[in-house]
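Per-entry structural report
So you can see what is in the structure, the chains are spelled out below.
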Amino acid sequence: MSNMPQPARLANLGPLNIIGAGLAGALLALLLARRGFKVTLYERRADPRESNAEGGRSINLALAARGIRALERAGVMERIAPLLIPMRGRMVHDVSGSASLQSYGQREHEVIYSVGRAALNRVLIEEAARYDNVEMHFDQACVAVSPEQNLLRFQDRKRKTEFEAPLAPTIATDGAGSAVRASLAKAHRVTVREDWLHHDYKELTIPAAPGGRHVLDANSLHIWPRGGFMLIALPNTGGSFTATLFLARTGPNSFAQLNSSVAVSEFFRREFADAARLMPCLEKEFAAHPQGQLGTVHVTPWHVGGSVLMLGDAAHAIVPFHGQGMNAAFEDCSVLDELLARHDDWEALFAEFARTRGPDTAAIAQMALETTLRCATPCWTPASSAARPWPWS
Ligand SMILES: Cc1cc2nc3c(=O)[nH]c(=O)nc-3n(C[C@H](O)[C@H](O)[C@H](O)COP(=O)(O)OP(=O)(O)OC[C@H]3O[C@@H](n4cnc5c(N)ncnc54)[C@H](O)[C@@H]3O)c2cc1C
(Lines give C-alpha, C1' and ligand atoms only; values in the text may rest on other atoms or scores of the structure.)
Protein backbone atom coordinates (compact mmCIF):
# COMPACT_ATOMS: atom_id res chain seq x y z
CA MET A 1 0.00 0.00 0.00
CA SER A 2 2.73 2.44 -0.95
CA ASN A 3 2.26 5.74 -2.78
CA MET A 4 -0.88 6.43 -0.78
CA PRO A 5 -2.60 9.63 -1.84
CA GLN A 6 -2.83 12.36 0.74
CA PRO A 7 -6.29 12.87 2.24
CA ALA A 8 -7.33 16.22 0.78
CA ARG A 9 -10.39 18.20 1.84
CA LEU A 10 -12.24 15.05 2.74
CA ALA A 11 -13.10 15.64 6.37
CA ASN A 12 -16.61 16.82 5.47
CA LEU A 13 -17.31 14.15 2.91
CA GLY A 14 -17.82 11.18 5.25
CA PRO A 15 -18.73 7.57 4.30
CA LEU A 16 -20.43 6.53 1.08
CA ASN A 17 -22.12 3.59 -0.66
CA ILE A 18 -21.20 2.09 -4.00
CA ILE A 19 -23.82 -0.01 -5.80
CA GLY A 20 -22.26 -2.63 -8.09
CA ALA A 21 -18.83 -4.20 -7.64
CA GLY A 22 -18.19 -4.59 -11.36
CA LEU A 23 -15.23 -3.03 -13.10
CA ALA A 24 -15.94 0.61 -12.22
CA GLY A 25 -17.40 -0.06 -8.75
CA ALA A 26 -14.47 -2.18 -7.59
CA LEU A 27 -11.87 0.28 -8.93
CA LEU A 28 -13.70 3.23 -7.40
CA ALA A 29 -13.91 1.47 -4.02
CA LEU A 30 -10.16 0.91 -4.18
CA LEU A 31 -9.38 4.52 -5.11
CA LEU A 32 -11.63 5.88 -2.36
CA ALA A 33 -10.33 3.41 0.21
CA ARG A 34 -6.78 4.59 -0.50
CA ARG A 35 -7.93 8.09 0.43
CA GLY A 36 -9.30 6.84 3.75
CA PHE A 37 -13.02 6.88 2.93
CA LYS A 38 -15.32 4.44 4.61
CA VAL A 39 -16.91 2.65 1.63
CA THR A 40 -19.81 0.18 1.70
CA LEU A 41 -20.05 -1.80 -1.52
CA TYR A 42 -23.20 -3.75 -2.48
CA GLU A 43 -23.10 -6.28 -5.33
CA ARG A 44 -25.96 -8.31 -6.78
CA ARG A 45 -23.79 -11.29 -7.78
CA ALA A 46 -22.01 -13.83 -5.58
CA ASP A 47 -18.53 -13.02 -4.31
CA PRO A 48 -16.20 -13.76 -7.27
CA ARG A 49 -13.43 -14.65 -4.82
CA GLU A 50 -15.48 -17.69 -3.81
CA SER A 51 -16.87 -18.83 -7.17
CA ASN A 52 -16.26 -18.58 -10.91
CA ALA A 53 -19.35 -16.47 -11.23
CA GLU A 54 -18.89 -14.74 -14.58
CA GLY A 55 -19.96 -16.40 -17.80
CA GLY A 56 -21.46 -15.65 -21.18
CA ARG A 57 -20.93 -11.88 -21.23
CA SER A 58 -17.94 -10.09 -22.82
CA ILE A 59 -15.51 -12.57 -21.32
CA ASN A 60 -12.51 -10.54 -22.39
CA LEU A 61 -12.02 -6.87 -23.15
CA ALA A 62 -9.56 -4.56 -24.86
CA LEU A 63 -7.79 -2.42 -22.28
CA ALA A 64 -6.25 0.79 -23.61
CA ALA A 65 -4.45 3.92 -22.45
CA ARG A 66 -7.34 5.55 -20.58
CA GLY A 67 -8.08 2.44 -18.56
CA ILE A 68 -4.43 1.75 -17.87
CA ARG A 69 -3.88 5.25 -16.50
CA ALA A 70 -6.71 4.73 -13.99
CA LEU A 71 -5.36 1.33 -12.92
CA GLU A 72 -1.92 2.85 -12.47
CA ARG A 73 -3.46 5.61 -10.35
CA ALA A 74 -4.93 2.91 -8.09
CA GLY A 75 -1.51 1.22 -7.82
CA VAL A 76 -2.70 -2.16 -9.15
CA MET A 77 -0.87 -2.52 -12.47
CA GLU A 78 1.68 -4.92 -11.03
CA ARG A 79 -1.10 -7.39 -10.21
CA ILE A 80 -2.94 -6.80 -13.46
CA ALA A 81 0.03 -7.00 -15.83
CA PRO A 82 0.19 -10.85 -15.73
CA LEU A 83 -3.43 -10.97 -16.92
CA LEU A 84 -2.73 -8.93 -20.05
CA ILE A 85 -1.97 -10.07 -23.59
CA PRO A 86 -0.61 -7.30 -25.83
CA MET A 87 -2.39 -6.90 -29.17
CA ARG A 88 -0.31 -4.96 -31.68
CA GLY A 89 -3.05 -4.55 -34.30
CA ARG A 90 -6.15 -5.96 -35.89
CA MET A 91 -5.72 -9.06 -38.00
CA VAL A 92 -8.34 -8.76 -40.70
CA HIS A 93 -9.53 -12.07 -42.17
CA ASP A 94 -11.25 -11.97 -45.56
CA VAL A 95 -13.74 -14.52 -46.89
CA SER A 96 -11.07 -16.37 -48.84
CA GLY A 97 -9.19 -17.06 -45.60
CA SER A 98 -6.25 -14.71 -46.08
CA ALA A 99 -5.36 -12.35 -43.25
CA SER A 100 -3.51 -9.05 -42.96
CA LEU A 101 -2.35 -7.13 -39.91
CA GLN A 102 -3.21 -3.45 -39.46
CA SER A 103 -0.97 -2.09 -36.70
CA TYR A 104 -2.49 0.04 -33.94
CA GLY A 105 0.62 2.14 -33.47
CA GLN A 106 3.57 3.37 -35.47
CA ARG A 107 6.04 1.95 -33.00
CA GLU A 108 6.24 -1.66 -31.94
CA HIS A 109 5.48 -0.96 -28.28
CA GLU A 110 2.21 0.88 -29.11
CA VAL A 111 -0.32 -1.82 -28.35
CA ILE A 112 -3.60 -2.44 -26.57
CA TYR A 113 -4.25 -5.40 -24.27
CA SER A 114 -6.70 -8.25 -24.03
CA VAL A 115 -7.79 -8.93 -20.47
CA GLY A 116 -10.27 -11.38 -18.94
CA ARG A 117 -13.20 -9.55 -17.34
CA ALA A 118 -13.61 -11.98 -14.44
CA ALA A 119 -9.91 -12.05 -13.51
CA LEU A 120 -9.60 -8.26 -13.72
CA ASN A 121 -12.71 -7.76 -11.61
CA ARG A 122 -11.49 -10.28 -9.04
CA VAL A 123 -8.12 -8.51 -8.64
CA LEU A 124 -9.84 -5.15 -8.16
CA ILE A 125 -12.19 -6.63 -5.54
CA GLU A 126 -9.29 -8.33 -3.75
CA GLU A 127 -7.28 -5.11 -3.71
CA ALA A 128 -10.20 -3.04 -2.39
CA ALA A 129 -10.94 -5.72 0.24
CA ARG A 130 -7.45 -5.28 1.69
CA TYR A 131 -8.61 -2.00 3.24
CA ASP A 132 -10.33 -2.10 6.64
CA ASN A 133 -12.42 0.89 5.60
CA VAL A 134 -14.13 -1.11 2.81
CA GLU A 135 -17.15 -3.25 3.67
CA MET A 136 -18.40 -5.58 0.92
CA HIS A 137 -21.82 -7.20 0.64
CA PHE A 138 -22.43 -9.75 -2.10
CA ASP A 139 -25.72 -11.31 -3.22
CA GLN A 140 -27.40 -8.01 -2.35
CA ALA A 141 -29.24 -6.33 -5.20
CA CYS A 142 -30.33 -2.74 -4.99
CA VAL A 143 -33.98 -2.68 -6.03
CA ALA A 144 -34.92 0.97 -5.42
CA VAL A 145 -33.61 4.35 -4.30
CA SER A 146 -35.57 7.20 -2.76
CA PRO A 147 -33.79 10.56 -2.48
CA GLU A 148 -36.93 11.97 -0.74
CA GLN A 149 -36.75 9.40 2.05
CA ASN A 150 -32.95 9.14 1.87
CA LEU A 151 -33.29 5.38 1.44
CA LEU A 152 -31.75 2.56 -0.52
CA ARG A 153 -33.75 -0.67 -0.73
CA PHE A 154 -32.04 -4.02 -1.26
CA GLN A 155 -32.97 -7.61 -1.81
CA ASP A 156 -30.77 -10.18 -0.09
CA ARG A 157 -30.70 -12.86 -2.77
CA LYS A 158 -29.55 -15.66 -0.45
CA ARG A 159 -31.92 -15.03 2.44
CA LYS A 160 -34.76 -13.87 0.15
CA THR A 161 -35.36 -10.86 2.36
CA GLU A 162 -35.45 -7.11 1.79
CA PHE A 163 -33.74 -4.43 3.84
CA GLU A 164 -33.05 -0.70 3.72
CA ALA A 165 -30.01 1.52 4.23
CA PRO A 166 -29.47 5.29 4.25
CA LEU A 167 -28.94 6.59 0.71
CA ALA A 168 -26.77 9.65 0.83
CA PRO A 169 -24.26 9.65 -0.60
CA THR A 170 -24.30 6.77 -3.09
CA ILE A 171 -22.40 6.20 -6.31
CA ALA A 172 -24.22 3.84 -8.66
CA THR A 173 -21.92 1.69 -10.76
CA ASP A 174 -24.53 -0.97 -11.45
CA GLY A 175 -23.93 -1.15 -15.17
CA ALA A 176 -25.89 -0.66 -18.39
CA GLY A 177 -29.12 -2.03 -16.90
CA SER A 178 -28.76 0.09 -13.73
CA ALA A 179 -31.56 -0.46 -11.21
CA VAL A 180 -30.63 2.84 -9.55
CA ARG A 181 -31.12 4.68 -12.85
CA ALA A 182 -34.45 2.92 -13.45
CA SER A 183 -35.65 3.81 -9.97
CA LEU A 184 -34.66 7.48 -10.34
CA ALA A 185 -36.33 7.59 -13.77
CA LYS A 186 -39.52 6.11 -12.34
CA ALA A 187 -39.54 8.86 -9.71
CA HIS A 188 -38.97 11.48 -12.49
CA ARG A 189 -35.64 12.52 -10.98
CA VAL A 190 -33.70 11.75 -14.17
CA THR A 191 -34.56 11.39 -17.86
CA VAL A 192 -33.27 8.27 -19.58
CA ARG A 193 -33.00 7.31 -23.24
CA GLU A 194 -31.81 3.86 -24.20
CA ASP A 195 -31.06 3.46 -27.93
CA TRP A 196 -30.78 -0.21 -28.78
CA LEU A 197 -28.95 -1.37 -31.91
CA HIS A 198 -30.57 -3.73 -34.34
CA HIS A 199 -27.48 -5.92 -33.85
CA ASP A 200 -27.04 -8.38 -30.96
CA TYR A 201 -23.96 -10.37 -29.98
CA LYS A 202 -23.05 -13.91 -28.96
CA GLU A 203 -19.79 -15.18 -27.48
CA LEU A 204 -18.16 -18.41 -28.63
CA THR A 205 -14.87 -20.16 -28.02
CA ILE A 206 -11.81 -20.93 -30.11
CA PRO A 207 -10.10 -23.42 -27.82
CA ALA A 208 -6.36 -23.73 -27.24
CA ALA A 209 -4.33 -26.35 -29.05
CA PRO A 210 -2.86 -29.13 -26.90
CA GLY A 211 -0.23 -27.66 -24.60
CA GLY A 212 -2.09 -24.35 -24.29
CA ARG A 213 -0.92 -22.95 -27.63
CA HIS A 214 -2.96 -20.20 -29.35
CA VAL A 215 -4.21 -21.43 -32.75
CA LEU A 216 -4.20 -17.89 -34.23
CA ASP A 217 -1.66 -15.12 -33.74
CA ALA A 218 -1.89 -14.42 -30.00
CA ASN A 219 -0.87 -10.78 -30.28
CA SER A 220 -3.65 -9.58 -32.54
CA LEU A 221 -7.29 -8.70 -32.24
CA HIS A 222 -8.82 -10.85 -34.98
CA ILE A 223 -11.67 -9.47 -37.08
CA TRP A 224 -13.71 -11.15 -39.80
CA PRO A 225 -15.63 -8.13 -41.20
CA ARG A 226 -18.47 -8.98 -43.56
CA GLY A 227 -20.22 -5.68 -44.15
CA GLY A 228 -23.39 -5.75 -42.05
CA PHE A 229 -22.05 -8.30 -39.56
CA MET A 230 -18.75 -9.60 -38.23
CA LEU A 231 -16.90 -11.97 -35.97
CA ILE A 232 -14.05 -10.88 -33.71
CA ALA A 233 -11.73 -12.84 -31.42
CA LEU A 234 -9.53 -11.68 -28.53
CA PRO A 235 -6.83 -13.90 -27.02
CA ASN A 236 -7.05 -15.31 -23.50
CA THR A 237 -4.20 -16.38 -21.26
CA GLY A 238 -4.26 -20.19 -21.38
CA GLY A 239 -4.34 -20.36 -25.18
CA SER A 240 -8.01 -19.92 -26.08
CA PHE A 241 -9.73 -17.02 -27.83
CA THR A 242 -13.13 -15.60 -27.05
CA ALA A 243 -14.93 -14.95 -30.33
CA THR A 244 -17.92 -12.62 -30.55
CA LEU A 245 -20.42 -12.65 -33.37
CA PHE A 246 -22.18 -9.32 -34.03
CA LEU A 247 -25.25 -9.91 -36.17
CA ALA A 248 -28.63 -8.31 -36.89
CA ARG A 249 -31.51 -9.62 -34.80
CA THR A 250 -33.85 -10.18 -37.75
CA GLY A 251 -33.79 -10.06 -41.55
CA PRO A 252 -31.24 -11.53 -43.96
CA ASN A 253 -28.05 -12.78 -42.24
CA SER A 254 -29.54 -12.51 -38.77
CA PHE A 255 -29.80 -14.36 -35.47
CA ALA A 256 -33.42 -15.10 -36.33
CA GLN A 257 -32.23 -17.15 -39.30
CA LEU A 258 -29.70 -19.14 -37.28
CA ASN A 259 -32.42 -21.21 -35.65
CA SER A 260 -30.91 -24.68 -36.07
CA SER A 261 -27.47 -26.21 -35.76
CA VAL A 262 -27.47 -26.84 -39.53
CA ALA A 263 -28.18 -23.14 -40.20
CA VAL A 264 -25.41 -22.12 -37.77
CA SER A 265 -22.84 -24.43 -39.26
CA GLU A 266 -23.71 -23.50 -42.88
CA PHE A 267 -23.55 -19.78 -42.06
CA PHE A 268 -20.16 -20.10 -40.35
CA ARG A 269 -18.75 -22.35 -43.09
CA ARG A 270 -19.86 -19.84 -45.72
CA GLU A 271 -18.82 -16.60 -43.96
CA PHE A 272 -16.04 -17.54 -41.53
CA ALA A 273 -14.72 -20.86 -42.86
CA ASP A 274 -11.22 -20.47 -41.38
CA ALA A 275 -12.58 -19.57 -37.92
CA ALA A 276 -15.28 -22.27 -38.00
CA ARG A 277 -12.59 -24.94 -38.44
CA LEU A 278 -11.15 -23.81 -35.09
CA MET A 279 -14.47 -23.99 -33.22
CA PRO A 280 -15.27 -27.64 -32.45
CA CYS A 281 -18.15 -26.76 -30.11
CA LEU A 282 -19.68 -24.08 -32.36
CA GLU A 283 -23.21 -25.43 -32.70
CA LYS A 284 -23.44 -26.50 -29.05
CA GLU A 285 -22.17 -23.14 -27.77
CA PHE A 286 -24.35 -21.22 -30.19
CA ALA A 287 -27.43 -22.92 -28.77
CA ALA A 288 -26.33 -22.57 -25.14
CA HIS A 289 -24.85 -19.09 -24.95
CA PRO A 290 -27.01 -16.01 -24.41
CA GLN A 291 -27.69 -13.49 -27.16
CA GLY A 292 -26.75 -10.07 -25.72
CA GLN A 293 -28.16 -6.69 -26.65
CA LEU A 294 -26.10 -3.61 -27.52
CA GLY A 295 -27.12 -0.04 -26.91
CA THR A 296 -26.30 3.50 -25.89
CA VAL A 297 -27.62 4.95 -22.63
CA HIS A 298 -28.23 8.67 -22.21
CA VAL A 299 -29.15 10.01 -18.74
CA THR A 300 -29.75 13.59 -17.61
CA PRO A 301 -28.72 14.61 -15.06
CA TRP A 302 -26.14 12.09 -13.85
CA HIS A 303 -26.74 13.00 -10.21
CA VAL A 304 -29.50 13.95 -7.81
CA GLY A 305 -28.05 16.67 -5.61
CA GLY A 306 -25.42 15.21 -3.32
CA SER A 307 -27.44 12.00 -2.80
CA VAL A 308 -26.70 9.84 -5.86
CA LEU A 309 -24.29 9.91 -8.76
CA MET A 310 -24.29 7.43 -11.66
CA LEU A 311 -20.94 6.52 -13.18
CA GLY A 312 -19.59 4.05 -15.78
CA ASP A 313 -22.16 2.17 -17.89
CA ALA A 314 -24.94 3.21 -15.49
CA ALA A 315 -24.48 6.79 -16.75
CA HIS A 316 -23.19 6.28 -20.29
CA ALA A 317 -23.21 2.72 -21.66
CA ILE A 318 -22.01 2.70 -25.28
CA VAL A 319 -21.86 0.21 -28.14
CA PRO A 320 -18.57 -1.73 -28.02
CA PHE A 321 -17.17 -0.99 -31.49
CA HIS A 322 -14.33 1.17 -30.22
CA GLY A 323 -13.63 -1.12 -27.24
CA GLN A 324 -13.85 1.88 -24.93
CA GLY A 325 -16.75 1.30 -22.48
CA MET A 326 -14.62 -0.12 -19.67
CA ASN A 327 -11.81 2.31 -20.47
CA ALA A 328 -14.23 5.23 -20.16
CA ALA A 329 -15.67 3.80 -16.92
CA PHE A 330 -12.14 3.52 -15.48
CA GLU A 331 -11.38 7.05 -16.60
CA ASP A 332 -14.54 8.19 -14.75
CA CYS A 333 -13.07 6.69 -11.57
CA SER A 334 -9.77 8.47 -11.92
CA VAL A 335 -11.45 11.82 -12.73
CA LEU A 336 -13.67 11.48 -9.67
CA ASP A 337 -10.64 10.65 -7.55
CA GLU A 338 -8.88 13.73 -8.90
CA LEU A 339 -11.88 15.98 -8.17
CA LEU A 340 -11.99 14.85 -4.54
CA ALA A 341 -9.03 17.09 -3.85
CA ARG A 342 -11.06 20.17 -4.85
CA HIS A 343 -14.38 19.68 -3.04
CA ASP A 344 -15.69 19.31 0.45
CA ASP A 345 -19.30 18.55 -0.38
CA TRP A 346 -20.72 15.77 -2.50
CA GLU A 347 -23.21 17.86 -4.47
CA ALA A 348 -20.55 20.21 -5.83
CA LEU A 349 -18.28 17.25 -6.55
CA PHE A 350 -21.01 15.27 -8.36
CA ALA A 351 -21.95 18.37 -10.39
CA GLU A 352 -18.38 19.03 -11.46
CA PHE A 353 -17.89 15.36 -12.30
CA ALA A 354 -20.92 15.43 -14.60
CA ARG A 355 -19.76 18.67 -16.22
CA THR A 356 -16.27 17.31 -16.77
CA ARG A 357 -17.15 13.84 -18.03
CA GLY A 358 -20.39 14.53 -19.92
CA PRO A 359 -18.84 15.90 -23.14
CA ASP A 360 -16.08 13.27 -23.27
CA THR A 361 -18.38 10.31 -22.79
CA ALA A 362 -20.89 11.75 -25.27
CA ALA A 363 -18.06 12.01 -27.81
CA ILE A 364 -16.95 8.39 -27.44
CA ALA A 365 -20.59 7.21 -27.53
CA GLN A 366 -21.03 9.03 -30.84
CA MET A 367 -17.73 7.77 -32.26
CA ALA A 368 -18.67 4.18 -31.37
CA LEU A 369 -22.01 4.57 -33.13
CA GLU A 370 -20.42 6.14 -36.20
CA THR A 371 -18.03 3.20 -36.36
CA THR A 372 -21.01 0.86 -36.24
CA LEU A 373 -22.85 2.58 -39.01
CA ARG A 374 -20.05 3.57 -41.34
CA CYS A 375 -17.26 1.04 -41.16
CA ALA A 376 -17.15 -2.52 -42.24
CA THR A 377 -14.10 -2.92 -40.00
CA PRO A 378 -14.60 -1.53 -36.51
CA CYS A 379 -11.67 0.04 -34.79
CA TRP A 380 -11.03 -1.43 -31.34
CA THR A 381 -8.31 1.14 -30.98
CA PRO A 382 -7.43 3.33 -28.04
CA ALA A 383 -9.55 6.06 -29.72
CA SER A 384 -8.01 9.49 -29.40
CA SER A 385 -5.45 8.47 -26.80
CA ALA A 386 -2.15 6.94 -27.78
CA ALA A 387 -1.53 3.25 -27.31
CA ARG A 388 0.62 2.61 -24.27
CA PRO A 389 3.98 0.86 -24.10
CA TRP A 390 4.45 -2.28 -22.07
CA PRO A 391 6.30 -1.09 -19.02
CA TRP A 392 5.46 -3.91 -16.62
CA SER A 393 7.37 -6.88 -18.02
C1 LIG B 1 -19.77 -7.44 -26.21
C2 LIG B 1 -19.09 -6.35 -25.44
C3 LIG B 1 -17.75 -6.14 -25.63
C4 LIG B 1 -17.10 -5.12 -24.93
N5 LIG B 1 -15.78 -4.92 -25.16
C6 LIG B 1 -15.15 -3.92 -24.53
C7 LIG B 1 -13.77 -3.69 -24.75
O8 LIG B 1 -13.11 -4.41 -25.51
N9 LIG B 1 -13.16 -2.65 -24.08
C10 LIG B 1 -13.87 -1.84 -23.25
O11 LIG B 1 -13.29 -0.88 -22.72
N12 LIG B 1 -15.17 -2.06 -23.00
C13 LIG B 1 -15.83 -3.06 -23.61
N14 LIG B 1 -17.15 -3.28 -23.36
C15 LIG B 1 -17.86 -2.40 -22.40
C16 LIG B 1 -17.64 -2.83 -20.95
O17 LIG B 1 -18.09 -4.15 -20.77
C18 LIG B 1 -18.41 -1.90 -20.02
O19 LIG B 1 -18.26 -0.57 -20.42
C20 LIG B 1 -17.92 -2.05 -18.58
O21 LIG B 1 -18.20 -3.34 -18.11
C22 LIG B 1 -18.58 -0.99 -17.69
O23 LIG B 1 -18.21 -1.20 -16.35
P24 LIG B 1 -19.26 -0.89 -15.19
O25 LIG B 1 -18.55 -1.21 -13.92
O26 LIG B 1 -19.84 0.45 -15.38
O27 LIG B 1 -20.45 -1.93 -15.41
P28 LIG B 1 -20.38 -3.52 -15.22
O29 LIG B 1 -19.04 -4.02 -15.53
O30 LIG B 1 -21.55 -4.04 -15.99
O31 LIG B 1 -20.63 -3.73 -13.66
C32 LIG B 1 -21.88 -3.53 -13.06
C33 LIG B 1 -21.90 -4.31 -11.75
O34 LIG B 1 -23.08 -3.97 -11.03
C35 LIG B 1 -23.70 -5.15 -10.58
N36 LIG B 1 -25.14 -4.88 -10.46
C37 LIG B 1 -26.04 -4.76 -11.46
N38 LIG B 1 -27.25 -4.46 -10.95
C39 LIG B 1 -27.10 -4.39 -9.62
C40 LIG B 1 -28.00 -4.10 -8.55
N41 LIG B 1 -29.30 -3.86 -8.78
N42 LIG B 1 -27.53 -4.09 -7.28
C43 LIG B 1 -26.20 -4.34 -7.03
N44 LIG B 1 -25.31 -4.63 -8.01
C45 LIG B 1 -25.75 -4.64 -9.28
C46 LIG B 1 -23.38 -6.18 -11.65
O47 LIG B 1 -23.54 -7.49 -11.17
C48 LIG B 1 -21.94 -5.82 -11.97
O49 LIG B 1 -21.05 -6.44 -11.10
C50 LIG B 1 -17.83 -4.32 -24.02
C51 LIG B 1 -19.18 -4.54 -23.82
C52 LIG B 1 -19.81 -5.55 -24.51
C53 LIG B 1 -21.28 -5.79 -24.28
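Worth saying up front: this structure is predicted, and the values here are computed from it rather than measured.

To continue, consider the pairing of strand S13 (residues 191-206). Taken together, the 8 bridges between S13 and strand S17 (residues 292-300) define a ladder with antiparallel strand orientation. Bridge assignment links Tyr 201 to a residue of S17, and that residue is Gly 292. In this sheet, strand S16 (residues 241-248) lies alongside S13 in antiparallel orientation, the contact comprising 8 bridges. Bridge pairing in S16 places Thr 205 opposite Thr 242.

Glancing now at the confidence of the model for the protein. Here the protein shows a mean pLDDT of 91. Residues at 70 or above account for 90%. Contacts from residues 379-393, a stretch scored under 50 in pLDDT, to residues over four places away or in other chains number 56 contacts.

On to the packing of helix H1 (residues 23-34) against helix H4 (residues 117-129). Close contact between H1 and H4 brings their axes to 8 Å; oriented N to C, the two are set at 25°. With respect to H4, the element H1 is oriented roughly parallel. Crossing geometry of H1 relative to H4 is assigned as left-handed. Residues Leu 23, Ala 26, Leu 27, Ala 29 and Leu 30 of H1 pack against Arg 117, Leu 120, Asn 121, Leu 124, Ile 125, Glu 127 and Ala 128 of H4. In terms of residue class, the contact of H1 with H4 is built from 9 nonpolar, 1 polar and 2 charged.

In this section: the pattern of salt bridges. In total, this model carries 23 salt bridges according to the counting rule given. What you see here is one network of salt bridges that share partners, running through Arg 66, Glu 331, Asp 332, Arg 357 and Asp 360.

Procedures and definitions
- Residues numbered from 1 in each chain as written.
- Predicted model: local features only at pLDDT ≥ 70, side-chain atom pairs only at ≥ 80, totals over all residues.
- Heavy atoms only, no water.
- Pairing = 2+ DSSP bridges.
- Helix = DSSP H or I, 4+ residues; strand = E, 2+ residues; numbered from the N terminus.
- pLDDT = per-residue confidence, 0-100.
- Contact = heavy atoms within 4.5 Å.
- Axes fitted to C-alpha atoms, helices over the stretch in contact; angles between N-to-C directions.
- Parallel < 35°, antiparallel > 145°, perpendicular 65-115°, else oblique.
- Left-handed = near helix turned anticlockwise from the far one by under 90°.
- Nonpolar A, V, L, I, M, F, W, Y, C, P; charged D, E, K, R; others polar.
- Salt bridge = Lys/Arg side-chain N within 4 Å of Asp/Glu carboxyl O.

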